[in-house]
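The lines below spell out each chain.
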Protein chains: 2
Amino acid sequence: MSVTRRLPRYYRCLGDLADKGVERISSREFAKIIGFTASQIRQDLNCFGGFGQQGYGYNVAVLQREIGRILAVDRNFPAILIGAGNLGLALLNHLRFEQRGFELLGIFDNNPEIVGKTVRDWSILDIDRLEDFCSTNHPIAAILCVPDSAAQEIADRLVALGVKAFWNFTHLNLSLIYDKEDIAVENVHLGDSLMTLTYLVSELTEK
Amino acid sequence: MSVTRRLPRYYRCLGDLADKGVERISSREFAKIIGFTASQIRQDLNCFGGFGQQGYGYNVAVLQREIGRILAVDRNFPAILIGAGNLGLALLNHLRFEQRGFELLGIFDNNPEIVGKTVRDWSILDIDRLEDFCSTNHPIAAILCVPDSAAQEIADRLVALGVKAFWNFTHLNLSLIYDKEDIAVENVHLGDSLMTLTYLVSELTEK
DNA sequence: TAGATTGTTAATCGATTAACAATC
DNA sequence: TAGATTGTTAATCGATTAACAATC
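What you see is a predicted model, and the numbers here were worked out from it, not measured in a lab. Every chain is numbered independently, its residues counted from 1 as its sequence is written. Whichever chain is written first is A, and whichever ligand is written first is 1; the rest continue in order. In keeping with the predicted nature of the model, local features appear solely for residues at pLDDT of at least 70, side-chain atom pairs appear and are counted solely at 80 or more, and the whole-chain, interface and lining totals rest on all residues. Only hydrogens and water are set aside when side-chain values are computed; all heavy atoms of the structure are taken into account.

K.L.:
Whenever I open this one, empty space enclosed by the protein confuses me. Can you help?
P.N.:
One way to see where empty space is left: roll a probe the size of a water molecule over the atoms. Lining residues are those with an atom within 4 Å of a point, where the points come from a 1 Å grid over the protein atoms alone and group into cavities, where a 1.4 Å probe fits but cannot get out, or pockets, open sets with protein on both sides within 12 Å along at least five of seven lines. Grid points are joined across faces, edges and corners, and a volume is the space filled by probe spheres set on the points. On inspection of all chains with the given rule, the structure shows one cavity of 30 Å³ or more. Of the volumes computed, that of the largest cavity is approximately 30 Å³. Sorting the residues of the lining of the largest cavity by element identifies β8 (141–144) of chain A together with α9 (190–206) of chain B as the ones contributing at least two each. Among the residues forming the lining of the largest cavity, the class breakdown is seven nonpolar, no polar and no charged. Numbering of helices and strands runs from the N terminus, with a helix taken as a DSSP run of H or I at least four residues long and a strand as a DSSP run of E at least two residues long. Three classes are used: nonpolar for Ala, Val, Leu, Ile, Met, Phe, Trp, Tyr, Cys and Pro, charged for Asp, Glu, Lys and Arg, and polar for all others, with Gly counted as polar.

K.L.:
How should the relation of the copies chain B and chain A be read in this particular structure?
P.N.:
With an RMSD of 0.0 Å, the operation that places chain B on chain A is a rotation of 180 degrees combined with a shift of 0.0 Å along the axis. Look at the turn and shift together and you get a two-fold axis relating the two. Both copies share a contact surface, since 100% of the interface residues of chain B are interface residues in chain A too. Copy-to-copy superposition: least squares on the C-alpha atoms, limited to residues that have pLDDT of at least 70 in both copies. Contact definition: two residues touch when any of their heavy atoms are within 4.5 Å.

K.L.:
So what exactly am I meant to see when it comes to the interface of chain B and chain A here?
P.N.:
It is common to give the size of an interface as the accessible area that goes away when the parts come together. Taken residue by residue, the interface counts 61 residues in chain B and 61 residues in chain A. Of the roughly 5500 Å² buried between chain B and chain A, counting both surfaces, carbon and sulfur atoms make up 69%. The term buried area denotes the loss of accessible surface (1.4 Å probe radius) that occurs when two parts are joined, taken as the sum for both partners. Looking only at chain B, the three residues that lose the most surface to chain A are Arg12(B), Leu194(B) and Met195(B), adding up to 12% of its buried area. If you list the elements that add at least two residues to the side of chain B that touches chain A, you get α1 (3–19), α2 (27–34), α4 (60–71), α5 (86–94), β9 (165–168), β10 (184–187) and α9 of chain B.

K.L.:
Looking at this model, I keep getting lost on the protein's contact with DNA strand D. Mind explaining?
P.N.:
In this text, near means that some heavy atom of the residue lies within 4 Å of the molecule or strand in question. Residues in close proximity to DNA strand D total 24 residues, the closest being Ser27(A), Asn46(A), Ser39(B), Gln43(B) and Gln53(B). Of all atoms in DNA strand D that approach within 4 Å of the protein, 58% are sugar or phosphate atoms. Contacts to DNA strand D include Arg42(A), whose side-chain N or O atom sits 2.9 Å from a base oxygen. One nitrogen or oxygen atom from the main chain of Gln54(B) is found 3.4 Å from a base oxygen belonging to DNA strand D. Contributing elements (two or more residues each) for the surface near DNA strand D: α3 (38–48), β2 (52–53) and β3 (57–59) of chain A together with α3 (38–48) of chain B. In terms of residue count, α3(B) provides more of the surface near DNA strand D than any other element does, four residues in total. Among the residues making up the surface near DNA strand D, the classes are represented as four nonpolar, 17 polar and three charged. For this analysis, a polar contact is any N or O atom pair within 3.5 Å, provided that within protein one partner can donate a hydrogen and the other can accept it, and provided that sequence-adjacent residues contribute only side-chain to side-chain pairs.

K.L.:
Quick question: what am I supposed to make of the protein's contact with DNA strand C here?
P.N.:
The local shell around DNA strand C holds 24 residues, among which Ser39(A), Gln43(A), Gln53(A), Ser27(B) and Asn46(B) are the closest. Backbone atoms, meaning sugar and phosphate, make up 56% of the atoms of DNA strand C lying within 4 Å of the protein. Arg6(A) is positioned with one of its side-chain polar atoms (N or O) 3.1 Å from a phosphate oxygen of DNA strand C. A distance of 3.1 Å separates a base nitrogen of DNA strand C from a polar atom in the side chain of Arg42(A). Secondary structure elements with two or more residues in the surface near DNA strand C: α3 of chain A together with α3, β2 (52–53) and β3 (57–59) of chain B. With four residues, α3(A) is the single largest residue contributor to the surface near DNA strand C. Considered class by class, the residues forming the surface near DNA strand C number four nonpolar, 17 polar and three charged.

K.L.:
Would you mind going over the packing of helix α1 (residues 3–19) of chain A against helix α4 (residues 60–71) of chain A with me for this structure?
P.N.:
Each pair of packed helices can be summarised by the angle the axes make with each other and by the distance between the axes. Residues and elements named next belong to chain A. Think of each axis as a best-fit line through the C-alpha atoms, taken over the contacting stretch in the case of a helix, with angles from 0 to 180 degrees between the N-to-C directions. Where α1 meets α4, the axes come as close as 9 Å, and the angle between the chain directions of the two elements is 150 degrees. Between α1 and α4 lies a crossing of left-handed hand. Two secondary-structure elements touch here, α1 through Leu 7, Pro 8, Tyr 10, Tyr 11, Leu 14, Gly 15, Leu 17 and Ala 18 and α4 through Val 60, Leu 63, Gln 64, Ile 67, Gly 68, Ile 70 and Leu 71. Tallied by class, residues from the contact of α1 with α4 come to twelve nonpolar, three polar and no charged. Whether a crossing is left-handed or right-handed is set by the direction in which the near helix is turned from the far one by less than a right angle, anticlockwise for left-handed and clockwise for right-handed.

K.L.:
Sorry, what's going on with the layout of surface pockets here?
P.N.:
Put simply, the largest pocket is a space of about 1700 Å³. Along the wall of the largest pocket there are 37 residues; nearest its centre are Met1(A), Arg5(A), Met1(B), Arg5(B) and Glu186(B). Secondary structure elements with two or more residues in the lining of the largest pocket: α1, β10 (184–187) and α9 (190–206) of chain A together with α1, β10 and α9 of chain B. For the lining of the largest pocket, the residue count by class is twelve nonpolar, 14 polar and eleven charged.

K.L.:
I'm lost on the state of the cysteines in this one. Help?
P.N.:
Throughout this description, disulfide means a covalent bond between two cysteine sulfur atoms. To count as a disulfide, a pair of cysteine sulfur atoms needs to be within 2.5 Å. Here the structure, examined in full by the defined rule, presents zero disulfides over all chains. The cysteine Cys134(A) is free of any disulfide, with Cys145(A) supplying the nearest cysteine sulfur at 16 Å. In this structure Cys145(B) is a free cysteine whose sulfur lies 15 Å from that of Cys145(A), the closest cysteine sulfur available. The exposure class assigned to Cys145(B) is buried, which follows from its relative accessible area of 8%. Exposure categories follow from relative accessible area, calculated using a 1.4 Å probe and restricted to protein chains: below 20% of the type maximum is buried, above 50% is exposed, and the middle band is partly exposed.

K.L.:
Help me understand helix α7 (residues 148–160) of chain B in this model?
P.N.:
The periodicity of an α-helix, 3.6 residues per turn, causes residues three or four positions apart to be oriented the same way. All names here are of chain B. An expected span of 1.5 Å times one less than the residue number is assigned to each helix. For α7, with 13 residues, the first-to-last C-alpha span of 19 Å sits near the 18 Å given by 1.5 Å per residue. Listed as buried for α7 are Ala 151, Ile 154, Ala 155, Arg 157, Leu 158 and Val 159. Here the buried face of α7 lies against β4 (77–82), α6 (130–137), β8 (141–144), β9 and α8 (174–177). Phi turns positive one or two residues past the end of α7, at Gly 162, with a value near 100 degrees.

Here is the structure:
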């Protein structure tokens, strides 16, 4: 696993510590809480700069702020959500995008029954307005919660419209398709994740 | 990344190939499609047995079936879903649990407004009936879609009731907590995933 | 038989851990 | 100053890739 995949976990755990009122933490104590080795924590943090102090450890608030800066969660990258089904709505309700570096500009769907409805602060726009909307608002990221069958077409349209990053919940392997272009892709393959659990369960029961 | 994390992807891609009517595939062709090296594919598959044939390659249907067996997707591990909010419903609607080795026995929630309602084939049960239900039906796996604040209490109750595996969508770090016990945990930290994308986007824009 | 492609071993690479000198 | 703990280098480990003999 690479450092950058561990950064969000550091950030999250530091938030928990701050909530508990912890002010400073050593790599040793942190290791116990987060489940990495102290060595790895120090190694990781040093990739980005010396945030600690010999003999003292790390200041929780400072470290969280620094990691937040590295992750760019203090930014406001314009983003759109495509697909306002259960999954899209679940993401809207469970996550604070604005606390994770994104500003959600709009929600799109092709279902006439829900187009026009309002979710939180956003009204659901017709997918036909995508070109129109994007040429005005220039979102850089898109959250893809569409059915697999529509994924390729929508993704192509979005790339043509200048979208540079995808949070991809479809089965489509976007990272492969846009390999050569400067497109960032974070795939969330829930089915794969579930099958990993299946495998773990079968291992348990075989013992 | 370990072999077992790649197995679901093999399985998925083989399904796609089968759908397209592809009957046989060499590690070289497969590599191009799936985005791993041919060497890795051969190495991976050989961990579990010789599924290929020299000079021919791999039979798509056979290989998929074998990987399916390794992953245990043909099993029917009894499972329950806790939390019928947007996320829980999204999972119910997006995934075929029965095609991934699980049989969903019941759905639980604590919200009186939705308890008793029916989703697909299942009616939503009151969380108070958890002990009752589990001592009769003995689920081995639980899908945790509850708010973070309730996660620890629910997880403890489930472990006490004999649940051995969690598909965990809460912020809680279950794998750490049940480290020593024989509990399988697959965490899906959507927030972490989104932050990984934030980082990628910030890298893009810095260029 | 010749060509193709696996299975498998050996070489390489990168990531993790251990160790310790620097320093607060 | 002494104790603690980082920053950083070196050692270890595991995973990935390359190579090729086996064989269909």
